[in-house]
Amino acid sequence: MPGTVGVLGTGTMGAGIAQVAAQAGYRVLACDVSEEALKRARRYVQKGLESFARKGVIPEEDAEAALGRIRWTTAVEELSESGAVIEAIVERVGPKKEAFAALDALLPPEALLLTNTSSISITELASATKRPERVCGTHFFTPPPLREAVEVVRGEETSDETVERVRRLLSSFGKLSVVVEKDVPGFVANRLLMPMLLEAARLLEEGVAGKEEIDRLATRGLGFPVGPFQLADLIGLDVTLDVISYVHAELGEPYYAPPRLLKNMVRSGRLGRKSGEGFYRYGGERWGA
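For clarity, every value in this text was computed on a predicted model and none was experimentally measured. Here the residue numbers are simple positions, counted from 1 along each chain's written sequence. This being a predicted model, a pLDDT of at least 70 is required before a residue's local features are given, and a value of 80 or more before pairs of side-chain atoms are given or counted; all residues contribute to the totals for chains, interfaces and linings. Note that the side-chain values use all heavy atoms of the structure and ignore hydrogens as well as water.

Here's the deal with the overall build of the protein
Elements are defined by DSSP. Helices are runs of H or I of four residues or more, strands are runs of E of two residues or more, and each kind is numbered from the N terminus. A count of helices and strands for the protein gives 11 helices and 8 strands. The C-alpha radius of gyration of the protein comes to 19 Å, within 12% of the 19 Å expected for a compact globule of 289 residues. Along the first, second and third principal axes, the C-alpha atoms of the protein reach 55 × 45 × 35 Å. Burial classification: accessible surface area is computed with a 1.4 Å probe over protein chains only, and a residue below 20% of its type maximum counts as buried, one above 50% as exposed, and the rest as partly exposed. In the protein, buried positions account for 51% of the 289 residues. The Shrake-Rupley method, run with a 1.4 Å probe sphere, supplies the accessible areas, and residue values consider only the shown protein chains as cover. For the protein, the exposed surface amounts to about 13200 Å²; the carbon and sulfur share of it is 52%. Positive charge is attributed to Lys and Arg, negative charge to Asp and Glu, and no charge count is given to His or to the chain ends. Charge positions are represented by NZ for Lys, CZ for Arg, CG for Asp and CD for Glu. Each charge class in the protein was averaged separately, 36 positive and 40 negative side chains, and the resulting centres sit 4 Å apart. Radius of gyration here uses only the C-alpha atoms, and the compact-globule reference equals 2.2 Å multiplied by the residue count raised to the power 0.38.

This is the structure we're talking about:
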């Protein structure tokens, strides 16, 4: 197991992954482009650990120790110390390939290059490196400290050894690995989830039912823990739009065309919980606030 885990990108997912790794006892290097992004992420992790301590999930001293194991940096060069780096930047092909090329040049040959992408081809991201056999998808779910399962997605050249190393790493995080054998757009989880979000948005656009009624039927009728609009706000409407747009472009199926409602909300800056407003309003409950 790597002594140090790097996390590139400290939005809601990256910050949560950094917390998970630190709680598991790893030294963590959390990297982002700005000090402000790192401050928001640190506040998020600190609040999460304090909440766990208050609820008795972990002792208070363990929460403090976990926070102390995270080094926050804007210098991507520092990630060269990592035995594995988990990329968690914007859900777009171009920036991710640039990040993978940069990481490939920095990290020792045996280091793992992992991506938290929820939809993008692992094979395509691996093509930006000289070690495609050591590139693998590790799709955590929102929020990472609370969700048990992680999709482990093979690229075309991902080796069996890499998959096994990733499974051991995730097991040490306390996570359950679910291996996805084929590199398809959206993998498994989002191929199940996105149709529900698409249908919910279409029903709302058509005036069939209000968002509260749709969410209420999903939770109190179908038994889901949260409704589709509540979930979209939690994931982030920008991330949801990126995922749907990518799957639509890759599959070429009209069914996956992003709803205009979703596009307009993202254009107006209504991104969900992290912006304070999405399908619902969250007052001062902004990401990292």
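Some words on the UniProt feature "domain: 3-hydroxyacyl-CoA dehydrogenase C-terminal" (unreviewed entry) in the protein
Here the UniProt feature "domain: 3-hydroxyacyl-CoA dehydrogenase C-terminal" (unreviewed entry) sits at residues 186–282. Note that residues 186–282 is 61% helix and 0% strand, and that its end C-alpha atoms are spaced 29 Å apart. UniProt positions are given in the numbering used here, feature names are shortened, and annotations may be inferred rather than shown by experiment.

What about the UniProt feature "site: Important for catalytic activity" (unreviewed entry) in the protein?
With numbering matched to this structure, UniProt assigns "site: Important for catalytic activity" (unreviewed entry) to His139. Its place among the elements puts histidine 139 in strand β6 (residues 135–139). By definition in these notes, contact holds between two residues if any of their heavy atoms fall within 4.5 Å. Filtering out sequence-adjacent residues up to four positions away, histidine 139 remains in contact with Thr115, Asn116, Thr117, Ser118, Val150, Glu151, Ala189 and Asn190. By the criterion applied in these results, polar contacts are pairs of N or O atoms within 3.5 Å in which, for protein atoms, one can donate a hydrogen and the other can accept it, and in which residues neighboring in sequence qualify only through two side-chain atoms. Polar side-chain contacts of histidine 139 include one of 2.7 Å to the side chain of glutamate 151.

Things to note about a negative patch on the surface
Within the patch definition used here, like charges are joined within 9 Å and nonpolar side chains (Val, Leu, Ile, Met, Phe, Trp, Tyr) within 5 Å, considering only residues with over 30% relative accessible area and no salt bridge. Here, a salt bridge means any Lys or Arg side-chain nitrogen found within 4 Å of an Asp or Glu carboxyl oxygen. Together, Glu50, Glu60, Glu61, Asp62 and Glu64 give the surface a local cluster of negative charge. Among the elements that make up the negative patch, the one with the highest residue count is helix α3 (residues 60–68) (4 residues). Note on aspartate 62: relative accessible area 40%, which makes it partly exposed.

Some thoughts on unusual backbone geometry
In this structure, the amide linkage connecting threonine 142 to the following residue, proline 143, adopts the cis form with an omega of -15°. Positionally, proline 143 belongs in the loop between β6 and β7 (149–154). The phi angle at phenylalanine 187 is positive, at roughly 55°, despite the residue not being glycine. Overall, the relative accessible area of 2% leaves phenylalanine 187 in the buried class.

Focus on empty space enclosed by the protein
For cavity detection a 1 Å grid was placed over the protein atoms alone, and a set of points counts as a cavity when a 1.4 Å probe fits there but cannot get out; an open set counts as a pocket when protein lies on both sides within 12 Å along at least five of seven lines, with lining residues being those that have an atom within 4 Å of a point. Grid points are joined across faces, edges and corners, and a volume is the space filled by probe spheres set on the points. This structure, assessed with the given rule, holds 1 cavity of 30 Å³ or more. Estimated volume of the largest cavity: approximately 80 Å³. Considering the residues around the largest cavity, the lining is formed by Leu197, Leu198, Ala200, Ala201, Pro228, Phe229, Ala232, Thr240, Ile244, Pro259, Leu262 and Phe279. Polar here means any residue other than Ala, Val, Leu, Ile, Met, Phe, Trp, Tyr, Cys and Pro, which are nonpolar, and Asp, Glu, Lys and Arg, which are charged; Gly is therefore polar. Split into classes, the residues belonging to the lining of the largest cavity amount to 11 nonpolar, 1 polar and no charged.

Structural notes on the packing of helix α10 (residues 237–251) against helix α11 (residues 260–267)
Note on geometry: axes are C-alpha line fits, over the in-contact stretch for helices, and angles between N-to-C directions span 0 to 180 degrees. Two elements in contact, α10 and α11, have axes whose closest approach is 9 Å; the angle formed by their N-to-C orientations is 135°. Viewed along their axes, α10 and α11 adopt a mutual orientation that is oblique. Considering the relative orientation of α10 and α11, their crossing is left-handed. Contact residues: α10 offers Leu237, Asp238, Thr240, Leu241 and Ile244, while α11 offers Leu262, Lys263, Met265 and Val266. Of the residues in the contact of α10 with α11, the class split is 6 nonpolar, 1 polar and 2 charged. Angle categories are assigned with fixed cut-offs, so that under 35 degrees is roughly parallel, over 145 is roughly antiparallel, 65 to 115 is roughly perpendicular, and the rest are oblique. Left-handed describes a crossing whose near helix is turned anticlockwise from the far helix by less than a right angle; the clockwise case is right-handed.

Thoughts on helix α2 (residues 35–54)
Any helix carries an expected span of 1.5 Å times its number of residues minus one. Here α2 is 20 residues long and its end C-alpha atoms lie 28 Å apart, about the 28 Å a rise of 1.5 Å per residue gives. Looking at the packing, one finds that the buried side of α2 touches α1 (12–23), β2 (27–31), α3 and β3 (70–73). Phi for glycine 56, located one or two positions after α2, is positive at around 80°.

Some points on the nonpolar core
Throughout, nonpolar core names a set of buried Ala, Val, Leu, Ile, Met, Phe, Trp, Tyr and Cys residues whose side chains join them through atoms within 4.5 Å. With 36 residues, the main nonpolar core has Val28, Ile70, Phe140 and Phe173 as its most contacted residues. Per-element accounting of this core gives the leading share, 7 residues, to α1. Excluding residues that lie within four positions of it along the chain, phenylalanine 173 makes contacts with Val5, Val20, Ala21, Ala24, Tyr26, Ile86 and Phe140. By size, the runner-up hydrophobic cluster in this structure holds 21 residues, among which are Leu193, Leu241, Ile244 and Tyr282.

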